[in-house]
Amino acid sequence: DQQVKQNSPSLSVQEGRISILNCDYTNSMFDYFLWYKKYPAEGPTFLISISSIKDKNEDGRFTVFLNKSAKHLSLHIVPSQPGDSAVYFCAASEGGADGLTFGKGTHLIIQP
Amino acid sequence: NAGVTQTPKFRILKIGQSMTLQCTQDMNHNYMYWYRQDPGMGLKLIYYSVGAGITDKGEVPNGYNVSRSTTEDFPLRLELAAPSQTSVYFCASSYLAGNYEQYFGPGTRLTVT
């Protein structure tokens, strides 16, 4: 049973527009959420995170929003750039030492 | 500062063979992790370690073993390889547990035929 769900396998966005990637979770014990970006043949790289005590975190072009009541988070990228084309993974932690729970990923394609 | 390094990058194994995937980090992180990623899927935790000499099972530990004799190294051992272990394996480390980002290595692509 998937605890972290990314229901869009792929998303195509025009360069310069906003990209919105969505993630839903079912485990109420998750208290920290992260987004990772992954290029082919490379390991995931950390992008941005948010604690469950916040509803928004911003870092440059990247903003993550958390709606705890809906168990939903989203990543906004504004403006989208060609280098943003990658697979984006949503991940969650219960705060313990036992690793992260990942979604299946969304392949973001930025079109010129 | 190399971060997390993994060797080999690629490997083909025959069914029943064994191998060790190497992982080393130079960030003095106590916490280290092994994940596998199957095509079209997210990463799943195989084993993790909270420090030298301490390891524990993750979500999918069957068919694997780990050891942690030093802070830097966290090798993953596959005994009696099976086709179901065909996957990309990622090692990761973090400074603290829980609410801190993990740093990933570049991965090892393993095929078992």
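Residues numbered from 1 in each chain as written. Chains lettered and ligands numbered in written order. Predicted model: local features only at pLDDT ≥ 70, side-chain atom pairs only at ≥ 80, totals over all residues. Heavy atoms only, no water.

(A) View of the overall build of chain A. From N to C terminus, chain A includes zero helices and 11 strands. Scanning chain A from its N terminus toward the C terminus, one meets helices and strands in the order β-β-β-β-β-β-β-β-β-β-β. A compact globule built from 112 residues would reach a C-alpha radius of gyration of about 13 Å, and chain A, at 13 Å, matches this within 12%. By principal-axis analysis of the C-alpha atoms, chain A measures approximately 40 × 30 × 20 Å. Counting across all 112 residues of chain A, residues that qualify as buried make up 45%. Of the contacts formed within chain A by residues at least 6 apart in sequence, a portion of 54% connects residues at least 24 apart. Of the roughly 5400 Å² that chain A leaves accessible, carbon and sulfur atoms contribute 48%. Separation between the mean location of the 10 positive side-chain charges and that of the 11 negative ones in chain A comes to 4 Å. (Helix = DSSP H or I, 4+ residues; strand = E, 2+ residues; numbered from the N terminus. Rg over C-alpha atoms; globule rule 2.2 N^0.38 Å. Buried < 20%, exposed > 50% of the residue type's maximum accessible area, 1.4 Å probe, protein only. Contact = heavy atoms within 4.5 Å. Areas by Shrake-Rupley, 256 points an atom, 1.4 Å probe, with all protein chains shown as cover. Lys, Arg positive; Asp, Glu negative; His and termini not counted. Charge placed at Lys NZ, Arg CZ, Asp CG, Glu CD.)

(B) How the structure looks around the overall build of chain B. A tally of regular secondary structure across chain B gives zero helices and 11 strands. Its C-alpha atoms give chain B a radius of gyration of 13 Å, near enough to 13 Å, the size a compact globule of 113 residues would have. Principal axes of the C-alpha set define a box for chain B whose edges measure 35 × 30 × 25 Å. In chain B, which comprises 113 residues, the proportion classed as buried is 45%.

(C) Molecular detail of the side chain of B:R68. Residues and elements named next belong to chain B. Locating R68 in the fold gives a position in the loop between β7 (64–66) and β8 (76–78). Buried and without a salt bridge, R68 has E72 as its closest oppositely charged side chain, separated by 7.5 Å. One polar contact links the side chain of R68 to the main-chain carbonyl oxygen of T71, over a distance of 2.8 Å. Those residues in contact with R68, other than ones at most four positions away along the chain, are Q25, H29, N30, M32, S49, V50, G51, A52, G53, T55, D73 and F74. (Salt bridge = Lys/Arg side-chain N within 4 Å of Asp/Glu carboxyl O. Polar contact = N/O pair within 3.5 Å; in protein donor to acceptor, adjacent residues only side chain to side chain.)

(D) Inspection of the interface of chain A and chain B at higher detail. Contacts between the two partners involve 21 residues from chain A and, on the opposite side, 21 residues from chain B. Joining chain A to chain B, the criterion identifies zero salt bridges. Summed over the shared surface of chain A and chain B, the result is two residue pairs in polar contact (both at pLDDT 80 or more). Within the residue set of the side of chain A that touches chain B, elements represented by two or more residues are β4 (32–38) and β9 (86–93) of chain A. Taken together, the residues that form the side of chain A that touches chain B break down as 10 nonpolar, six polar and five charged. (Nonpolar A, V, L, I, M, F, W, Y, C, P; charged D, E, K, R; others polar.)

(E) Structural view of the nonpolar core. All names here are of chain A. Core analysis: the biggest nonpolar cluster contains 23 residues, and F33, W35, L73, L75 and Y88 have the highest contact counts within it. For this core, the secondary-structure elements that each account for two or more residues are β3 (19–25), β4, β5 (45–51), β7 (62–67), β8 (72–77), β9 and β11 (106–111). In this view, L75 contacts S19, I20, L21, W35, L47, I48, F62, T63 and Y88; residues no more than four positions away in its chain are not counted. (Core = buried A, V, L, I, M, F, W, Y, C linked by side-chain atoms within 4.5 Å.)

(F) Local environment of the state of the cysteines. Residues and elements named next belong to chain A. Scanning the entire structure with this criterion turns up two disulfides over all chains. Shown here is the disulfide that connects C23 with C90, its sulfur atoms set 2.1 Å apart. In this structure, the disulfide formed by C23 and C90 twists by about -75° around the S-S bond and is classed as left-handed. Here C90 lies in strand β9 and C23 lies in strand β3, a separation of 67 residues in the sequence. (Disulfide = S-S within 2.5 Å.)

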